[in-house]
Amino acid sequence: QLQAYGGGLVQAGGSLRLSCTSSGHTFRNYAAGWFRQAPGKDRDFAAAISWTGGSTDYADSVKGRFTISRDNARYTVTLQMNSLKPEDTAVYYCAAGARRARTPPPSQAEYDYWGQGTQVTVSS
């Protein structure tokens, strides 16, 4: 079971830190990803990290602004979001999947476990 938290309201240019924790010890064996769904749009890929933490991937729209990391000892994945823009406004979901894959997949279909979303709102 995954639980995401850390969302909120922030002004453009500000920062937020999202965290996702797992209650299962097998979490450390899975890639973890963050996906987001803006109002009226499909859910899209934002960032992902391999099970070891050695490989990461980002959507072009967040590269250079977002950083994904993980602490397997604490079963936690974090998404640091800087220089936020109004277009980053969305519900953010964490997910786990692709057991022991060398690189974290950007496709939602590869993720088996999903947390509830956390709302991020960026005001202009």
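Just above, that's the structure.
S.K.: So what's going on with the overall build of the chain? Which residues, and what values?
M.R.: When its secondary structure is counted, the chain shows zero helices and eleven strands. If you list the helices and strands of the chain from N to C, you get β-β-β-β-β-β-β-β-β-β-β. A compact globule built from 124 residues should have a C-alpha radius of gyration of about 14 Å, and the chain, at 13 Å, falls within 12% of that. Principal-axis analysis of the C-alpha atoms places the extent of the chain at approximately 40 × 25 × 25 Å. Within the chain, the proportion of its 124 residues that are buried is 47%. For the chain, the proportion of contacts with a sequence separation of at least 24, taken over those separated by at least 6, is 60%.

S.K.: Explain the pairing of strand E5 (residues 43–49) to me, using residue names and the numbers behind them.
M.R.: Two faces, one strand: in a regular strand the side chains alternate between the faces of the sheet. With five of its seven residues buried, E5 lies for the most part within the structure. Of the pairings in the sheet, the one linking strand E4 (residues 31–37) to E5 comprises six bridges and is antiparallel in character. Paired with Ala 32 across the two strands is Ile 49, which belongs to E5. The loop that links E4 with its antiparallel partner E5 comprises five residues; one of these, Gly 40, has a positive phi angle of about 75°. The pairing of E5 with strand E6 (residues 56–58) spans three bridges and is antiparallel. Its bridge partner being in E6, Ile 49 is matched across the sheet by Thr 56. Linking two consecutive strands that pair antiparallel, namely E5 and E6, is a turn of six residues; a positive phi of about 85° is found at Gly 53 within it.

S.K.: Tell me about the pairing of E4, and please be specific about residues and values.
M.R.: The element E4 is extensively covered by neighbouring structure, given that six of its seven residues are classed as buried. As defined by bridge partners, E4 adjoins strand E9 (residues 90–97) across seven bridges and the pair is classed as antiparallel. If you follow Ala 31 over to E9, its bridge partner there is Gly 97.

S.K.: Which residues make up the nonpolar core, and what are the values?
M.R.: Counting 36 residues, the largest nonpolar core has Trp 34, Ile 68, Leu 79, Met 81 and Tyr 92 as its most contacted members. Within the residue set of this core, elements represented by two or more residues are strand E1 (2–5), strand E3 (16–22), E4, E5, strand E7 (66–71), strand E8 (76–81), E9 and strand E11 (118–123).

S.K.: Got a sec to walk through the state of the cysteines? Specific residues and values, please.
M.R.: Per the stated rule, a full pass over the model turns up one disulfide. Bridging Cys 20 to Cys 94, the disulfide has an S-S length of 2.1 Å. Here Cys 20 and Cys 94 share a disulfide; its torsion about the S-S bond, 60°, makes the bridge right-handed. Pair noted here: Cys 20 is in strand E3 and Cys 94 is in strand E9, with a separation of 74 residues, a long-range link. For Cys 20, a relative accessible area of 2% translates into the label buried.

S.K.: Lay out the sheet that holds E7 in plain terms, naming residues and giving numbers.
M.R.: Judged by pairing direction, the sheet is antiparallel, and its four strands sit side by side in the order E1-E3-E8-E7 without closing on themselves. Only two strands of the sheet have a single partner each, and these edge strands are E1 and E7. Pairs of neighbouring strands in the sheet enclose a mean axial angle of 15°, with direction left out of account. Strand direction decides the pairing type here: E3 and E8, joined by six bridges, are antiparallel. Residue pairing in the sheet places Thr 21 in a bridge with Thr 76 of E8.

Reading the values: rules and limits
- Residues numbered from 1 in each chain as written.
- Predicted model: local features only at pLDDT ≥ 70, side-chain atom pairs only at ≥ 80, totals over all residues.
- Heavy atoms only, no water.
- Helix = DSSP H or I, 4+ residues; strand = E, 2+ residues; numbered from the N terminus.
- Rg over C-alpha atoms; globule rule 2.2 N^0.38 Å.
- Buried < 20%, exposed > 50% of the residue type's maximum accessible area, 1.4 Å probe, protein only.
- Contact = heavy atoms within 4.5 Å.
- Pairing = 2+ DSSP bridges.
- Core = buried A, V, L, I, M, F, W, Y, C linked by side-chain atoms within 4.5 Å.
- Disulfide = S-S within 2.5 Å.
- Axes fitted to C-alpha atoms, helices over the stretch in contact; angles between N-to-C directions.

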